[in-house]
Amino acid sequence: MEKTVSEAIAYRRSVRIYNSDEEISYEKVVDCLKNAVLAPTSSNLQLWEFYHVLDKTTKDSISKACFNQPAAKTAQQLVVVVTRKDLWRKRAKANLSFLEHQFKKEETDNSKKKIALSYYKKLIPSLYTEFLGILGLVKYGIFSTMGLFKPMYRQVRQSDLRIVAHKSAALAAQNFMISMAAIGYDTCPMEGSDTKRIKKILNLPWGAEINMVIGCGIRDSKGVYGPRFRVPFKEVYYKL
Ligand SMILES: Cc1cc2nc3c(=O)[nH]c(=O)nc-3n(C[C@H](O)[C@H](O)[C@H](O)COP(=O)(O)O)c2cc1C
């Protein structure tokens, strides 16, 4: 039986050594990846991709690019979470066609329609259109000046938009890891890697970035390195 959300969160640990005798099912991992894409994503742009690595040669190369960390080396399968900020036009277009289709199917207030469509036709392009990072800086200058007088969205530089894409991709990664935990599968997120080499192994284009590599398998009895440590909750929780 699947664990509850709280049980899965409690079960999930970063597992560094996987049991080589216990296979995990390809289909079940794919199901967990289908849960990953249900994560919330900024402007619903879904600027992410998931590379599910089963091929031994590719897995070994990625493992090497992860400095042969046991969490990669002993994993049965790997999932590489990738951000694709460069796909914003394609994704905005997909959102637009979805909305247009929805609006045809159901009665929608005209002003609501106009706002939703203009979000993807105008706002997103004005945010994501870039030229060598210069446009972003110009936008940042303008928005910061306007921000002196009213609340303004300020995440407009190229570096800000990279963070925006990585935030959403990490939420998807967490959905994936919790889904894996729910069925008794283990994972370990890894950023300790040579991302340039991983991009090359996966044949990714220039605009793609590695968010994290996730080792997958079933924990070995020595797979969890120690008890869980968190700073006291009261140090990070603020009630206002
Ligand atoms: C973004 C990110 C990157 C991480 N990179 C690595 C890594 O490269 N190697 C590793 O062994 N663990 C890595 N971890 C796992 C953390 O060390 C681990 O989550 C932390 O120690 C807490 O332990 P827990 O996940 O078992 O609760 C990473 C975790 C996150 C969220």
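Our structure's up above, just so we're on the same page.
Treat the numbers as computed from the prediction; the structure is a model and nothing was measured.

1. Here we look at the overall build of the protein
Thinking step 1. Helices and strands together make up the secondary structure of the protein, namely 10 helices and 4 strands.
Thinking step 2. In the protein, the succession of α and β elements from N to C terminus is α-α-β-α-α-β-α-α-α-α-β-α-β-α.
Thinking step 3. Based on the C-alpha atoms only, the size of the protein along its principal axes is roughly 60 × 45 × 40 Å.
Thinking step 4. Looking at the protein as a whole, 40% of its 240 residues are labelled buried.

2. Structural notes on the site of the ligand
Thinking step 1. Neighbouring residues of the ligand: Arg12, Arg13, Ser14, Arg16, Gln69, Cys188, Pro189, Met190, Glu191, Gly192, Arg228 and Arg230.
Thinking step 2. Interatomic distance of 3.0 Å between a side-chain N/O atom of arginine 12 and an oxygen atom of the ligand.
Thinking step 3. Glycine 192 places a polar main-chain atom, nitrogen or oxygen, 2.9 Å from an oxygen atom of the ligand.
Thinking step 4. Look at the ligand: alone it shows 620 Å² of surface, and the protein chains cover 66% of it.
Thinking step 5. Residue composition of the shell around the ligand, grouped by class: 3 nonpolar, 3 polar and 6 charged.

3. Let's talk about the packing of aromatic side chains
Thinking step 1. On inspection of all chains with the given rule, the structure shows 4 aromatic pairs.
Thinking step 2. Here the aromatic rings of tryptophan 48 and phenylalanine 50 are separated by 6.0 Å at their centres, their planes lie at 55 degrees, and the arrangement is tilted.
Thinking step 3. Its relative accessible area of 5% is what places tryptophan 48 among the buried residues.
Thinking step 4. Here lysine 3 stacks its cationic end above the ring of tyrosine 11, 4.3 Å away from the centre of that ring.
Thinking step 5. Above the face of the tyrosine 140 ring, arginine 157 is positioned so that its terminal group lies 3.9 Å from the ring centre.

4. Points about helix α3 (residues 56–65)
Thinking step 1. Along α3, the residues classified as buried are Lys59, Ile62, Ser63 and Ala65. In an axial view of α3, the angular spread of the buried residues amounts to 160 degrees, which keeps them on one side of the axis. Every exposed residue of α3 that faces more than 90 degrees away from the buried side is listed here: Lys56, Thr57 and Lys64.
Thinking step 2. The elements touched by buried residues of α3 are β1 (48–53), α4 (70–73), β2 (77–84), α9 (195–201) and β4 (208–217).
Thinking step 3. A positive phi of about 60 degrees marks phenylalanine 67, the residue just after α3.

5. Overview of the pairing of β4
Each regular strand shows side chains that alternate between the opposite faces of the sheet.
Thinking step 1. Within β4, 9 of the 10 residues are buried, leaving the element largely enclosed by the surrounding structure.
Thinking step 2. The sheet contact formed by β2 and β4 spans 8 bridges and is antiparallel. Paired with glutamine 77 across the strands is cysteine 216, a residue of β4.
Thinking step 3. Strand direction decides the pairing type here: strand β3 (residues 186–190) and β4, joined by 5 bridges, are antiparallel.

6. Here we look at the packing of helix α2 (residues 26–36) against helix α8 (residues 158–182)
Helices that pack against each other are described as a pair by the angle of their axes relative to one another and the distance between those axes.
Thinking step 1. Viewed as axis vectors pointing N to C, α2 and α8 meet at an angle of 140 degrees, and their least axial separation amounts to 7 Å. Relative to α8, the element α2 lies oblique. Considering only the axes of α2 and α8, their crossing is right-handed. Contacts from Val29, Cys32, Leu33, Asn35 and Ala36 of α2 reach α8 at Ala172, Asn175, Phe176, Ser179 and Met180.
Thinking step 2. Class assignment of the residues belonging to the contact of α2 with α8 gives a composition of 7 nonpolar, 3 polar and no charged.

Quick notes on the rules
Residues numbered from 1 in each chain as written. Predicted model: local features only at pLDDT ≥ 70, side-chain atom pairs only at ≥ 80, totals over all residues. Heavy atoms only, no water. Helix = DSSP H or I, 4+ residues; strand = E, 2+ residues; numbered from the N terminus. Buried < 20%, exposed > 50% of the residue type's maximum accessible area, 1.4 Å probe, protein only. Near = heavy atom within 4 Å. Polar contact = N/O pair within 3.5 Å; in protein donor to acceptor, adjacent residues only side chain to side chain. Areas by Shrake-Rupley, 256 points an atom, 1.4 Å probe, with all protein chains shown as cover. Nonpolar A, V, L, I, M, F, W, Y, C, P; charged D, E, K, R; others polar. Phe/Tyr/Trp six-rings, centres within 6.5 Å; stacked < 30°, edge-to-face > 60°. Lys NZ or Arg CZ within 6 Å of the ring centre and 35° of its normal. Arc of directions from axis to C-beta. Contact = heavy atoms within 4.5 Å. Pairing = 2+ DSSP bridges. Axes fitted to C-alpha atoms, helices over the stretch in contact; angles between N-to-C directions. Parallel < 35°, antiparallel > 145°, perpendicular 65-115°, else oblique. Left-handed = near helix turned anticlockwise from the far one by under 90°.

None of the figures reported here should be taken as evidence of function without further support.
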